[in-house]
Amino acid sequence: MIKLKVLKNWINSNYKSWSNLKAFFILALTIWIAHFWYSGSFGLYEDDYNRVSKVFDLAWAEIGNYILHFSNSQGRPLHDGLIYLLSFLGFRLGGLQSIYWIGYVIITINTFLFYLLLKRLSANQFFAMTGALAFCLFPADTTKPFLTHSLGIQPSLTFLLAATHCYLSQKKILSYGFILGSLLCYETIFPVFLAVPLLQRQWDLKLRRELLRHIIILGGMIISIVIIRKLSIGGVGVIKNLDFISTIRWSLSNQFYGPFISISMFFYRPFQALLYLLQSKGELIILISFCLAGFVWVLSRLDFAPYRQNVSSQNSVSCSENFNYFQHLTKLTLVGFILLTLAYPLTLTELATEISGRASRVHVAAAIGASIIVACACSAILLLANRYRLKNLAAAILAAFFALLIGFGIMVQQDYQRSWQYQRAFWTDVMHLAPDLTDGTVILVDALLPWGEQIHPFAWSMPSVVGQLYQFPWQWKNVPKLYKLNPDWQQKIPANGEMALNNDNGLLSYYYTWESPRQVKTSEIILLQEKDGKLVRTTTPIVVGTKKFSFKPLTNSTLDSFEKAYLYDYLISPNNKKSVNYFQPF
């Protein structure tokens, strides 16, 4: 009898390990296809130029000092620090694509931690798998391929999920250590931890006392961090001048609209992907068909056993088990909505109505609550389907749902891919048109450049790029910079022909707040304009009213005298490579 018991325990243990290994493989493959299938043709975007690429030229001996000096600009030392450290390590290991691999690993770890959390909540494999798929395909936050977010925001989710596992394992001191890491990394995710005690099975008077103690501890953490930020950076983070009333209104508004928007994306994005697929052909349809077939195979074979690890091949479940499990799902759905609402109290920089691009990070913490709700909905659907012996049909419908979510993920990837192509073509043209760079050179671009839906190719980071293409002399006071002009720029040229570069006069689309204002004569400025769908250098005078303003004519190239910097090979295309039309809308 003892030997049989040992054998039974060994079989159960190995069954769980094998089951987890299969789930890990399925989820890892799903994440790769949905978010990193085209990562070989991804590049840098927006914030990446001021964070990720800034450490590419550092030596091993310099990275530690750099992190210490530049990791608390917004009161989030782990956010900046992890971006710098992981970008440096990835670039050293294998260049830009290795950094994307690191981002992929972080998202995969988060998904598997969430899968294990769902297994704590229910023995039902179907519940755990569908919830984990909803988590990794969460469509409200479209920033998973964005390096600044995968390296700087996703780790905050890692801290939260690790803290949740520790708390439910009664390792509460360790759990508070992990959640402090989340607060120091990206604070919008922190409030979700307030509801973690509700994930325990027993709701009683003891839980009330535990919740009160838990809220007091987390409140103390927040107050301490606010005080430290006030003393160290003069504010509470990215918001320097905090108006209490407007902040409360903003927070409550996001808590009201956010849950509805994040859940609605599970309906809108598959429909959007379906319309896109109907207009597509070739590789994409084959890929989504492969995903659909794979999901049908996986979901139709998952055990559906509310409270048992092993069931018969018929997956028979008694009526009482059905009723008890439905009650359990109702309870988890309620907890999911609480977690979902708590994803928004600290989202004070973006509106919850944002559903695309970099601003959709406002929904990142909502992935946990929303995915629990989706897992409950999927399990309820299968519960009803089982009753009418329609499990395979239900599995097929849900498989199509998840396959279409992958389709939407590929749509996002294609935006990233196209944005990088546009950037490469644009900067290649800029360097061909403006090869005569000297100390303090200013390049102004007068062109209607496209604005991507999911990621912007020509964003506020444009002034940072030229300085990362070449290694200019350290003695230069002002590294050459490129700025994008606003449409009415000509009306803002003073009579003396000196253009004021600052944030106040509306001349430029982007001018860094940390840059000192400058006065530059038009004769010293390189002007690039769009003409007939091409970028050209303007050397003839510009007539504004009764005045003429001349810009810098083309002189001898100075580029050969500079060494190429770390971004040159990534951004500058060879002369024989066909370029894309970056004036074409996305």
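Because the structure is predicted, anything quoted here is derived from the model rather than measured.

Analysis parameters
- Residues numbered from 1 in each chain as written.
- Predicted model: local features only at pLDDT ≥ 70, side-chain atom pairs only at ≥ 80, totals over all residues.
- Heavy atoms only, no water.
- Salt bridge = Lys/Arg side-chain N within 4 Å of Asp/Glu carboxyl O.
- Helix = DSSP H or I, 4+ residues; strand = E, 2+ residues; numbered from the N terminus.
- Buried < 20%, exposed > 50% of the residue type's maximum accessible area, 1.4 Å probe, protein only.
- Pairing = 2+ DSSP bridges.
- Patch = residues over 30% accessible without salt bridge, like charges linked within 9 Å, V, L, I, M, F, W, Y side chains within 5 Å.
- Areas by Shrake-Rupley, 256 points an atom, 1.4 Å probe, with all protein chains shown as cover.
- 1 Å grid on protein atoms, 1.4 Å probe; cavity = no way out; pocket = protein on both sides within 12 Å on 5 of 7 lines; lining within 4 Å.
- Points joined across faces, edges and corners; volume = space filled by probe spheres on them.
- Nonpolar A, V, L, I, M, F, W, Y, C, P; charged D, E, K, R; others polar.
- Core = buried A, V, L, I, M, F, W, Y, C linked by side-chain atoms within 4.5 Å.
- Contact = heavy atoms within 4.5 Å.
- Axes fitted to C-alpha atoms, helices over the stretch in contact; angles between N-to-C directions.
- Expected span 1.5 Å × (residues − 1).
- Polar contact = N/O pair within 3.5 Å; in protein donor to acceptor, adjacent residues only side chain to side chain.
- pLDDT = per-residue confidence, 0-100.

Q: Help me get a handle on the pattern of salt bridges, residues and values and all.
A: Pairing between side chains of opposite charge can happen when the charged atoms of each approach one another. Following the criterion strictly, the structure yields 12 salt bridges and no others. The closest approach of N and O atoms between Lys-172 and Glu-210, which form a salt bridge, is 3.1 Å. Linking Lys-172 in helix α8 (residues 172-185) with Glu-210 in helix α9 (residues 205-233), this pair joins segments that are 38 residues apart in sequence. Under the relative-accessibility criterion, Glu-210 is labelled buried at 8%.

Q: Quick rundown of the pairing of strand β7 (residues 534-538)? Include the residues and the values.
A: One ladder, built from 5 bridges, connects strand β6 (residues 525-531) with β7; its direction is antiparallel. Residue pairing across strands places Lys-531 opposite Lys-534, the latter belonging to β7. Between β6 and β7, which follow one another and run antiparallel, lie 2 residues, and Asp-532 among them has a positive phi close to 55 degrees.

Q: Which residues make up unusual backbone geometry, and what values do they have?
A: Phi at Gln-170 is positive, roughly 65 degrees, even though this residue is not glycine. By secondary structure assignment, the location of Gln-170 is in the loop between α7 (154-168) and α8. Unusually for a residue other than glycine, Asp-532 sits at a positive phi of about 55 degrees. Along the chain, the position of Asp-532 falls in the loop between β6 and β7.

Q: Just give me the short version of a nonpolar patch on the surface, but keep the residues and values in it.
A: Together, Phe-244, Ile-245, Ile-248 and Leu-252 give the surface a local cluster of nonpolar side chains, amounting to about 420 Å² of exposed area. Relative to the assigned elements, Ile-245 resides in helix α10 (residues 244-278).

Q: Can you tell me about empty space enclosed by the protein, naming the residues and giving the values?
A: In this approach the atoms are scanned with a rolling probe the size of a water molecule, which exposes any empty space left behind. Inspection of every chain in the model, using the stated rule, returns 4 cavities of 30 Å³ or more. The calculated volume of the largest cavity comes to roughly 80 Å³. Together, 14 residues line the largest cavity, and His-35, Asp-141, Phe-408, Gly-409 and Val-412 are the ones closest to its centre. Among the secondary structure elements, those contributing two or more residues to the lining of the largest cavity are α1 (2-36) and α14 (391-433). Examining the composition of the lining of the largest cavity, we find that 5 residues originate from one element, α14, more than from any other. Its residues assigned to classes, the lining of the largest cavity comprises 8 nonpolar, 4 polar and 2 charged.

Q: Can you break down the nonpolar core residue by residue, with the values?
A: Grouped together as the largest cluster of nonpolar side chains are 167 residues, with contacts concentrated most on Met-129, Ile-368, Phe-402, Phe-426 and Trp-427. Of the residues forming this core, the biggest block, 22 residues, is contributed by α14. Ignoring sequence-local partners within four residues, the contact set of Met-129 consists of Ala-23, Ile-26, Leu-27, Tyr-115, Val-298, Leu-299 and Leu-302. Core analysis: the second largest hydrophobic core is formed by 18 residues, Trp-489, Leu-507, Ile-525 and Phe-551 among them.

Q: Describe in detail the side chain of Ser-182, supporting the description with residues and values.
A: Tracing the sequence through the fold places Ser-182 in helix α8. In this view, Ser-182 contacts Ser-156, Phe-159, Leu-160, Glu-187, Ile-189 and Phe-190; residues no more than four positions away in its chain are not counted.

Q: Which residues make up the layout of surface pockets, and what values do they have?
A: Estimates place the volume of the largest pocket at around 1,400 Å³. In terms of lining, the largest pocket is formed by 46 residues, of which the most central are Asn-50, Arg-51, Lys-54, Trp-460 and Trp-514. Secondary structure elements with two or more residues in the lining of the largest pocket: α2 (60-70), α3 (77-94), α6 (147-152) and β2 (470-471). A breakdown of the residues in the lining of the largest pocket according to their chemical character gives 18 nonpolar, 17 polar and 11 charged.

Q: Give me the lowdown on the sheet that holds β6, citing residues and values where you can.
A: With respect to topology, 4 strands assemble into an open sheet ordered β3-β1-β6-β7, the strand pairing being mixed. Each edge of the open sheet is held by one strand with a lone partner, namely β3 (481-484) and β7. Between one strand axis and the next, the sheet turns through 25 degrees on average, direction left out of account. Relative to the sheet, α14 contacts β1 (442-446), β3, β6 and β7, its axis offset from that of β7 by approximately 25 degrees.

Q: Give me the side chain of Glu-187: which residues, what numbers.
A: Along the polypeptide, Glu-187 turns up in the loop between α8 and α9. Note on Glu-187: relative accessible area 11%, which makes it buried. In this structure, Glu-187 is in contact with Arg-76, Ser-182, Arg-229 and Leu-346, ignoring residues within four places of it in sequence.

Q: Account for α9, with residues named and values stated.
A: Taking 1.5 Å per residue, 29 residues should reach 42 Å; α9 reaches 42 Å between its end C-alpha atoms and fits that length. For α9, the full list of buried residues reads Leu-207, Glu-210, His-214, Leu-218, Met-221, Ile-225, Arg-229 and Ile-233. Of the surrounding secondary structure, the elements contacted by the buried residues of α9 are α7 and α8. A side-chain oxygen of the first residue of α9 lies 3.2 Å from the backbone nitrogen of Lys-206; this N-cap is Asp-204.

Q: How would you explain the environment of Ile-261 if you had to name every residue and give the values?
A: On the secondary structure map, Ile-261 appears in helix α10. On a C-alpha basis, the gap between Ile-261 and Glu-354 in space is 8.9 Å, while along the polypeptide they are 93 residues apart. Each residue touching Ile-261, except ones within four places of it in the same chain, is listed here: Ala-352, Thr-353, Ile-355 and His-363.

Q: Help me get a handle on the confidence of the model for the protein, residues and values and all.
A: On average, the protein scores 90 in pLDDT, and the residues at 70 or more come to 92%. Predicted confidence is poor over residues 307-316, with pLDDT under 50, and the contacts of this stretch with residues over four places away or in other chains come to 21 contacts.

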